[in-house]
Amino acid sequence: DAGVIQSPRHEVTEMGQEVTLRCKPISGHNSLFWYRQTMMRGLELLIYFNNNVPIDDSGMPEDRFSAKMPNASFSTLKIQPSEPRDSAVYFCASSLWWTGDHYGYTFGSGTRLTVV
Amino acid sequence: DAKTTQPPSMDCAEGRAANLPCNHSTISGNEYVYWYRQIHSQGPQYIIHGLKNNETNEMASLIITEDRKSSTLILPHATLRDTAVYYCIVRVRGDDKIIFGKGTRLHILP
């Protein structure tokens, strides 16, 4: 398996533009998570899905952020409009729903977003 | 609120065992202890988890005290590639989300 695949690896955009980050989870995993990491705030959970359904979006900072999971193999995180304070590394992770033989999350390599 | 307390940084000589402590004095009976690490510029990586028994896998060993209020992650023969931030997390079985704290930055010295 190729692991969790995120695209793009790097994104530089101007303030006010729409940004879309993409994630392909590991085949067979049924939970997907979006995290954001900054030096100041560390790793923050933004939202997660189980079986393509959003379960907890309490970490989404504001209405400018939205996430979708139209099917089991694809998710997007969209920021519209983007602001310089959104600059961070965004990680996607996937896992199997808790079964007792849980081996943790598998993270992607992240998307480094810079908003200028 | 942080459920775990870890030292902000530690050093370990290459080839030695690295012992990373974690305090989780308020852990509940249904909470597991998880360890992840994050190597620079990469996503976090799962290492090991346990409930109350000691656990070992190909990466590390996890020692949990009898009262479950603290644990130690042991990397038996540290290499330079083990330089990373190590996160200790407690998580309720059935709760699918993981909340990361600040972790311990481990420096392996040549």
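Here goes a summary of the coordinates provided.

Conventions and cut-offs
- Residues numbered from 1 in each chain as written.
- Chains lettered and ligands numbered in written order.
- Predicted model: local features only at pLDDT ≥ 70, side-chain atom pairs only at ≥ 80, totals over all residues.
- Heavy atoms only, no water.
- Helix = DSSP H or I, 4+ residues; strand = E, 2+ residues; numbered from the N terminus.
- Rg over C-alpha atoms; globule rule 2.2 N^0.38 Å.
- Buried < 20%, exposed > 50% of the residue type's maximum accessible area, 1.4 Å probe, protein only.
- Contact = heavy atoms within 4.5 Å.
- Pairing = 2+ DSSP bridges.
- Axes fitted to C-alpha atoms, helices over the stretch in contact; angles between N-to-C directions.
- Buried area = accessible area lost by both parts, 1.4 Å probe.
- Salt bridge = Lys/Arg side-chain N within 4 Å of Asp/Glu carboxyl O.
- Polar contact = N/O pair within 3.5 Å; in protein donor to acceptor, adjacent residues only side chain to side chain.
- Nonpolar A, V, L, I, M, F, W, Y, C, P; charged D, E, K, R; others polar.

Secondary structure assignment for chain A yields 0 helices and 11 strands. Each helix and strand of chain A, ordered N terminal to C terminal, gives the series β-β-β-β-β-β-β-β-β-β-β. Compactness check: chain A gives a C-alpha radius of gyration of 14 Å against a globular reference of 13 Å for 116 residues, within 12% of the reference. Taken over the C-alpha atoms alone, chain A extends approximately 45 × 30 × 25 Å along its principal axes. Within chain A, the proportion of its 116 residues that are buried is 48%. Nonlocal contacts in chain A, meaning residues at least 24 apart in sequence, comprise 54% of its contacts between residues at least 6 apart.

This paragraph deals with the sheet that holds strand E3 (residues 19–24) of chain A. Residue and element names in this part refer to chain A. Reading across the sheet, the 4 strands line up as E1-E3-E8-E7 and stay open at both edges, with antiparallel pairing between neighbours. Two strands close off the open sheet at either side, each with one partner strand: strand E1 (5–7) and strand E7 (65–71). Each adjacent strand pair in this sheet contributes to an overall mean axis angle of 15°, direction not counted.

What follows covers the environment of Ile26(A). Locating Ile26(A) in the fold gives a position in the loop between E3 and strand E4 (31–38). With 70 residues separating them along the chain, Ile26(A) and Leu96(A) place their C-alpha atoms 9.5 Å apart.

In this section: the interface of chain A and chain B. Contact with chain A, which involves 23 residues of that partner, is made by 20 residues of chain B. Carbon and sulfur atoms make up 53% of the surface buried where chain A meets chain B, a total of about 1,700 Å² over both sides. At the boundary of chain A and chain B, one finds 0 salt bridges. If you look at where chain A meets chain B, you find 4 residue pairs in polar contact (both at pLDDT 80 or more). Secondary structure elements with two or more residues in the side of chain A that touches chain B: E4, strand E5 (42–50) and strand E9 (88–95) of chain A. Of the residues in the side of chain A that touches chain B, the class split is 12 nonpolar, 10 polar and 1 charged.

Turning next to unusual backbone geometry. At the junction of Ser7(A) and Pro8(A), the peptide bond is cis and its omega measures out at -10° in the coordinates. Position of Pro8(A) relative to the elements: it lies in the loop between E1 and strand E2 (10–13). Located in the positive-phi region is Asn51(A), a residue other than glycine, with phi close to 50°. Counting through the fold element by element, Asn51(A) comes out in the loop between E5 and strand E6 (53–56). For Asn51(A), a relative accessible area of 53% puts it in the exposed group. Even without a glycine there, the phi angle at Ser41(B) is positive, about 70°. With respect to the helices, strands and loops of the structure, Ser41(B) is situated in the loop between strand E3 (31–38) and strand E4 (45–50).

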